[in-house]
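# Working through the structure, step by step
Listed below, chain by chain, are the residues.
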Amino acid sequence: MSRTLVEGSGANSGADFLGKGNVYKKIYSDYTSGKIDMEELLTKTFACWKGLKISDLPKVYARFEFNDGVKETIRKMKKKGIKIMLLTNIPTHLGKLFQEKLDFNYIGGTTLEVKDGIFTGRILKFSHDKTTEAMKILKKEKISPNDAISIGDRKDDAKVFEKVRFGIAYDGDEVAKKTAKYQITDFRDLLNIIEKES
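As a starting point, this report considers the structure included with it. Quick caveat: nothing in here was measured; it's all calculated off a predicted structure.

## Details of the overall build of the chain
- If you tally the helices and strands in the chain, you get 11 helices and 6 strands.
- For the C-alpha atoms alone, the extent of the chain along its principal axes is close to 45 × 35 × 30 Å.
- A burial count over the chain gives 48% of its 198 residues as buried.
- A sequence separation of at least 24 residues applies to 55% of the contacts in the chain between residues at least 6 apart.
- Carbon together with sulfur atoms contributes 47% to the accessible area of the chain, which is approximately 10600 Å² in total.
- If the 37 positive side-chain charges of the chain are averaged to one point and the 29 negative ones to another, these points end up 3 Å apart.

As structure tokens, this is what we get:
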């Protein structure tokens, strides 16, 4: 999600806020080179969130720079009655701020342990299977996968592309680009695609 909506990584945001951004860069480099898998990436990343206060999350959110056209496009989609699901690896506590500010209908994310209002750095529930989460929500809402589309930028998003009507790679990696029906670098193009496919 995060790189699709904002510049940089949402998972890194808490670590960066605590001055641990360089630690995350090494962790992410190990992931992209295949040295560690997604679960280890998330485990090590959110260990860097240890000590972050829940009360600091609005400040973390305020530091995000949204990609061009994101807020405008989401607003127009909502006016058209389109339901929007945010499936992400970022912590649900932070994801809820995105949901609140951008009016997403559904939110999925990683559940982190919190004690006395402070993140312990421990993961209680992973959220790295976006496909299962997407299908579960669609089934609950009685929406056919053929009536849903997905936009994302990485290989875990590409797996969702294969289960819905079609996928859109936003500035995506090679796997996302190969699997998607469309490739875009301007979020505003999303509305044109939706109108074309309607």
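Here the narrative resumes, following the displayed structure.
## Here we look at helix α3 (residues 21–32)
- Look at α3: 17 Å from first C-alpha to last across 12 residues, which is about the 16 Å you get at 1.5 Å a residue.
- Every buried residue belonging to α3 is among Gly 21, Tyr 24, Ile 27, Tyr 28, Asp 30 and Tyr 31, and all of these are buried.

## Looking at the side chain of Asp 157
- Within the element layout of this structure, Asp 157 appears in helix α9 (residues 155–161).
- Every residue in contact with Asp 157, bar those within four places of it in the chain, is listed here: Lys 130, Ser 150 and Gly 152.

## What about the packing of aromatic side chains?
- By the definition in use, this model includes 11 aromatic pairs.
- Ring centres of Tyr 170 and Phe 187 lie 5.9 Å apart, and the angle between their planes is 70°; on these two criteria the pair is classed as edge-to-face. One end of the pair, Tyr 170, is in strand β5 (residues 166–170); the other, Phe 187, is in the loop between β6 (182–184) and α11 (189–197), and 17 residues separate them in sequence.
- Through a chain of ring-to-ring contacts, the aromatic side chains of Tyr 61, Phe 64, Phe 66 and Phe 98 assemble into a single cluster.

## Let's talk about unusual backbone geometry
- Backbone geometry places Asp 103, a non-glycine residue, at a positive phi of 65°.
- With respect to the helices and strands, the residue Asp 103 is situated in the loop between α7 (92–102) and β2 (106–115).
- Since its relative accessible area comes to 46%, Asp 103 is described here as partly exposed.
- Notably, Lys 142 is not glycine yet its phi reads approximately 55°, a positive angle.

The rules behind the values
- Residues numbered from 1 in each chain as written.
- Predicted model: local features only at pLDDT ≥ 70, side-chain atom pairs only at ≥ 80, totals over all residues.
- Heavy atoms only, no water.
- Helix = DSSP H or I, 4+ residues; strand = E, 2+ residues; numbered from the N terminus.
- Buried < 20%, exposed > 50% of the residue type's maximum accessible area, 1.4 Å probe, protein only.
- Contact = heavy atoms within 4.5 Å.
- Areas by Shrake-Rupley, 256 points an atom, 1.4 Å probe, with all protein chains shown as cover.
- Lys, Arg positive; Asp, Glu negative; His and termini not counted.
- Charge placed at Lys NZ, Arg CZ, Asp CG, Glu CD.
- Expected span 1.5 Å × (residues − 1).
- Phe/Tyr/Trp six-rings, centres within 6.5 Å; stacked < 30°, edge-to-face > 60°.

None of the figures reported here should be taken as evidence of function without further support.
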